[in-house]
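# Coordinate inspection notes
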2 protein chains.
Amino acid sequence: MEKHVFDEKLAGLRNEIDDIDSQLVNLLKKRRTVTTKVGALKNEVGMPIYAPEREEALLTKRRQQAQEAGLNPDVIEDVLRRLMSDSYLSQDSSGYLCVNPDCKKIVVIGGKGQLGKIFVDLFTRSNYQVEIMEQEDWCNSETIFTNASVVIVAVPIRLTTTIIQRLNSLPDECILADVTSIKESPLYEMLKVHKGPVVGLHPMFGPDVASLVKQTVIACEGRQPDSYQWLLQQIEVWGAKIYPVDASAHDQAMAMVQVMRHFSTIAYGYHLMTEGADIAQLVEMSSPIYRLELIMVGRLFAQSPVLYSDIIFSNADNIHMMKRFAYRFLELLEDVEMGDKDSFIDMFNQVSDWFGDYAGEFLKESKSMLLKANELKK
Amino acid sequence: MEKHVFDEKLAGLRNEIDDIDSQLVNLLKKRRTVTTKVGALKNEVGMPIYAPEREEALLTKRRQQAQEAGLNPDVIEDVLRRLMSDSYLSQDSSGYLCVNPDCKKIVVIGGKGQLGKIFVDLFTRSNYQVEIMEQEDWCNSETIFTNASVVIVAVPIRLTTTIIQRLNSLPDECILADVTSIKESPLYEMLKVHKGPVVGLHPMFGPDVASLVKQTVIACEGRQPDSYQWLLQQIEVWGAKIYPVDASAHDQAMAMVQVMRHFSTIAYGYHLMTEGADIAQLVEMSSPIYRLELIMVGRLFAQSPVLYSDIIFSNADNIHMMKRFAYRFLELLEDVEMGDKDSFIDMFNQVSDWFGDYAGEFLKESKSMLLKANELKK
């Protein structure tokens, strides 16, 4: 084919695609207009934005239509999941139902911090009277706490105990809560310093979350749960799921996923550097899964070391648990050194059984993640 | 608002959304029809399917349009990336330009295996004459190799050396290549057994890859690169990028990313199990990033232990490197035990510097991954 003929044909087809994509944008605008109305409607009655059955039904219908049109139904599902995720945001923007209009004042200690300000924003948009308390406001604490119905401690983990210990004169009916990523110790301190309702929360999302839909907030019972139920319901109105768990079980689990994994990842980054690896070359040579592994490591190092070290250093029990990991690691290495493949495979199969159905489920989800990671490549 | 009024209004709005989504599917069908034509056109002249500048330009135009329409441009970008990823598939389906029509026969040893069959399929769709060789075909090897222009070794890693050592009577001009995930040893064996062109390849993608677009194939030079250039060009026609690297540098890098990470992840799964963690509870309590961490671990355990142990046990040098990791891990733990936060933070900052711009880049990419992981939650 002559070059100019090829160029003409290609340009023509690309113009067709541009036209279709332009119609796509217009269609997305129409969709968002309608989903915003859905949000406003739901908020009038305090109905949750995320409705799993509706999501299921919508996806099933469109997958079917795609299949019949000869398209890969996974594509339409992926596109719709992205649109639904965005629609939760637009449905969010109209404010929230106020679950407890009798609530007087909500004080967020550390309300200017990354996590604190999310709660300040959410309470405000739910029509509560919110007051932020920072270090310089402690001289006015008596006035600030006078009408407080809720006091939320949202300070850095290393300051949590100190701050809680100063809250010895809150109103009797005031709900005292924290959002620290450890729970046993803050809960103990809150129960000691305050006679009224107490609850320990752990929001399982980062400060860059766009909305609370499908997020989890862990709740550890302190005292008088009936008195703070409305607060949990308010969090559910915002879209999050409340997961009740015992404080001690929470801390153990967090040590396993949070502390262990952070520390291990930091150690791995340190290892790559001290081994003299060429990071650019590693990235160039990576398969999609290795790229994802490197992303999971590298992302930590774009963040604050203080945040991570605070978490890692927060609990001496963690050290013993992490030493156990190192010893197991060396123990498994011995199998490799002895060439004992059978033992290694045996161990692997035991862990597979322990993961149960999650292994297959996670493999499936990771494929979507890899597809996404590949799409993002330049 | 009375319930029936609410129900009516909600149903009405949902019907509007269903209608829009239905139009969306039709639009996607139109798009795919056009992209398939683009693929057929490009294949006629052997032009690569993935055109980075076109992808960029397309995204810029539509982001702008979205912005002007009051939409979040990230949404349209995510949707288009998904559609483009799928369009590469439809452009793929029409077959490929045959770079070397003078090529006589291509023999894929292990062509029924997971990776082997991908190459069999690609070569076939590029109009080459392909022959598969499995264990039972060795009695006919003389006949099979007679007209071979290319012989590709695609057998399990533990059989690679044995198989290569049997290839001592290939035609002089035949290209001998392998696709093993280690390179130094197979390359050495191939150069020893064969006098003609030799190249070591390592396809950096898994057997479940839908297309080779944006994937990487590592190429380690063996002998007479001019003679096998066309083979590398054919791989590029399929959409992959060729990354040339020295065999020894490759193996060291793979040890770091592949072996180290697999082993470490397996050890972590073993650790979770022996610590008596409750996997269901961990999953329920996970924040998006922890869920992603668990996905990266659990996914391994849905796969074959033989595959992973083959890789881990394949090179004794790995053991020393992994021991060094364990010792560094324990060394860092000592900082924690001594409460030496400053040293820990110091180390952290050094690794951040070492990651350079990649840290920020990876943080950004991980946010997209987390968004995706959240969309997939049920």
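Before reading on, note that the structure itself is shown above.
None of the values given here were measured: they were computed from a predicted structure.

## Re the relation of the copies chain A and chain B
The two copies are related by a screw motion: chain A maps onto chain B through a turn of 180 degrees and a shift of 0.0 Å along the axis, at an RMSD of 0.1 Å. Such a combination of rotation and displacement between the chain copies is what one expects of a two-fold axis. Most of the interface of chain A is mirrored in chain B: 100% of its interface residues are interface residues there too.

## So, the packing of helix 13 (residues 317-337) of chain A against helix 9 (residues 247-274) of chain B
For the pair helix 13 of chain A and helix 9 of chain B, interaxial distance at closest approach is 9 Å and the crossing angle is 120 degrees. Classified by the angle between their axes, helix 13 of chain A and helix 9 of chain B sit oblique to one another. Between helix 13 of chain A and helix 9 of chain B lies a crossing of right-handed hand. In contact with M321(A), R324(A), F325(A), R328(A), F329(A), E331(A), L332(A), L333(A) and V336(A) of helix 13 of chain A, helix 9 of chain B contributes M260(B), F263(B), S264(B), A267(B), Y268(B), Y270(B), H271(B) and T274(B).

## Regarding the interface of chain A and chain B
Taken together, the 171 residues of chain A in the interface contact 171 residues of chain B. Roughly 18,000 Å² is buried in total at the junction of chain A and chain B, and carbon and sulfur atoms are behind 71% of that figure. It is R261(A), M285(A) and W354(A) in chain A that bury the most area against chain B; as a group they hold 5% of the surface buried on that side. There are 24 salt bridges connecting chain A and chain B. In this structure, E365(B) and R291(A) form a salt bridge, with 2.7 Å as the shortest nitrogen-oxygen distance. Run the count over chain A and chain B and you get 46 residue pairs in polar contact (both at pLDDT 80 or more). A class-by-class count of the residues in the side of chain A that touches chain B yields 93 nonpolar, 32 polar and 46 charged.

## Here we look at the sheet that holds strand 3 (residues 148-153) of chain B
All names here are of chain B. Spatial ordering of the open sheet is given by 2-1-3-4-5-6-7, a layout of seven strands whose pairing is mixed. Edge positions in the sheet fall to strand 2 (129-133) and strand 7 (241-244), since each of these pairs with one other strand and no more. The sheet shows a mean angle of 25 degrees between the axes of neighbouring strands, direction not considered. Where helix 8 (residues 225-237) meets the sheet, its contacts fall on strand 3, strand 4 (175-178), strand 5 (198-203), strand 6 (216-223) and strand 7, and the angle it forms with strand 6 comes to roughly 170 degrees. Each of strand 5 and strand 6 is contacted by helix 9, which is oriented at about 145 degrees to strand 6, the strand it contacts most.

## Topic: the pattern of salt bridges
Between side chains of opposite charge, a pair can form as their charged atoms come close. On inspection of all chains with the given rule, the structure shows 46 salt bridges over all chains. Here R63(B) and E77(B) are joined by a salt bridge, their closest N and O atoms 2.6 Å apart. Here R63(B) is found in helix 2 (residues 52-68), whereas its partner E77(B) is found in helix 3 (residues 73-92), with 14 residues between them in sequence. What makes R63(B) partly exposed here is its relative accessible area of 25%. Of the residues examined, E77(B) reaches a relative accessible area of 16% and is grouped as buried. Within this structure, E55(A), R63(A), D74(A), E77(A), R81(A) and K214(A) form a network of salt bridges that share partners.

## Things to note about the pairing of strand 4 of chain B
The side chains of a regular strand alternate, first on one face of the sheet and then on the other. Residues and elements named next belong to chain B. Residue alternation in strand 4 divides its side chains into two sets, I175 and A177 and L176 and D178, and both sets are buried. As paired strands, strand 3 and strand 4 are joined by four bridges and run parallel to one another. Paired with V150 across the two strands is I175, which belongs to strand 4. After leaving strand 4, the chain enters helix 7 (residues 184-193) and then returns to the sheet as strand 5, a path that is right-handed.

## What about unusual backbone geometry?
Positive phi outside glycine occurs at K214(A), with the angle close to 70 degrees. Inspection of the secondary structure assignment puts K214(A) in the loop between strand 5 (198-203) and strand 6 (216-223). Of the residues examined, K214(A) reaches a relative accessible area of 11% and is grouped as buried. Phi at N127(B) is positive, roughly 75 degrees, even though this residue is not glycine. Following the sequence through the fold, N127(B) ends up in the loop between helix 4 (116-125) and strand 2.

## Some details on the sheet that holds strand 1 (residues 105-109) of chain A
Residue and element names in this part refer to chain A. Within the open sheet, the seven strands sit side by side as 2-1-3-4-5-6-7. Their pairing is mixed. What marks the edges here is a single partner per strand, and that holds for strand 2 (129-133) and strand 7 (241-244). Taking the axes of each pair of neighbouring strands and ignoring which way they run, one obtains an average angle of 25 degrees across the sheet. Taken together, the six bridges between strand 5 and strand 6 define a ladder with antiparallel strand orientation. The residue of strand 6 that forms the bridge with V199 is E221. Seen against the sheet, helix 7 (residues 184-193) touches strand 4 (175-178), strand 5 and strand 6 and runs at an angle of roughly 155 degrees to strand 5. Sitting on the sheet, helix 9 (residues 247-274) is in contact with strand 5 and strand 6, with an inclination near 145 degrees to strand 6.

Definitions and cut-offs
- Residues numbered from 1 in each chain as written.
- Chains lettered and ligands numbered in written order.
- Predicted model: local features only at pLDDT ≥ 70, side-chain atom pairs only at ≥ 80, totals over all residues.
- Heavy atoms only, no water.
- Least-squares fit on C-alpha atoms with pLDDT ≥ 70 in both.
- Contact = heavy atoms within 4.5 Å.
- Axes fitted to C-alpha atoms, helices over the stretch in contact; angles between N-to-C directions.
- Helix = DSSP H or I, 4+ residues; strand = E, 2+ residues; numbered from the N terminus.
- Parallel < 35°, antiparallel > 145°, perpendicular 65-115°, else oblique.
- Left-handed = near helix turned anticlockwise from the far one by under 90°.
- Buried area = accessible area lost by both parts, 1.4 Å probe.
- Salt bridge = Lys/Arg side-chain N within 4 Å of Asp/Glu carboxyl O.
- Polar contact = N/O pair within 3.5 Å; in protein donor to acceptor, adjacent residues only side chain to side chain.
- Nonpolar A, V, L, I, M, F, W, Y, C, P; charged D, E, K, R; others polar.
- Pairing = 2+ DSSP bridges.
- Buried < 20%, exposed > 50% of the residue type's maximum accessible area, 1.4 Å probe, protein only.
- Right-handed = clockwise from strand over helix to strand, strands pointing away.

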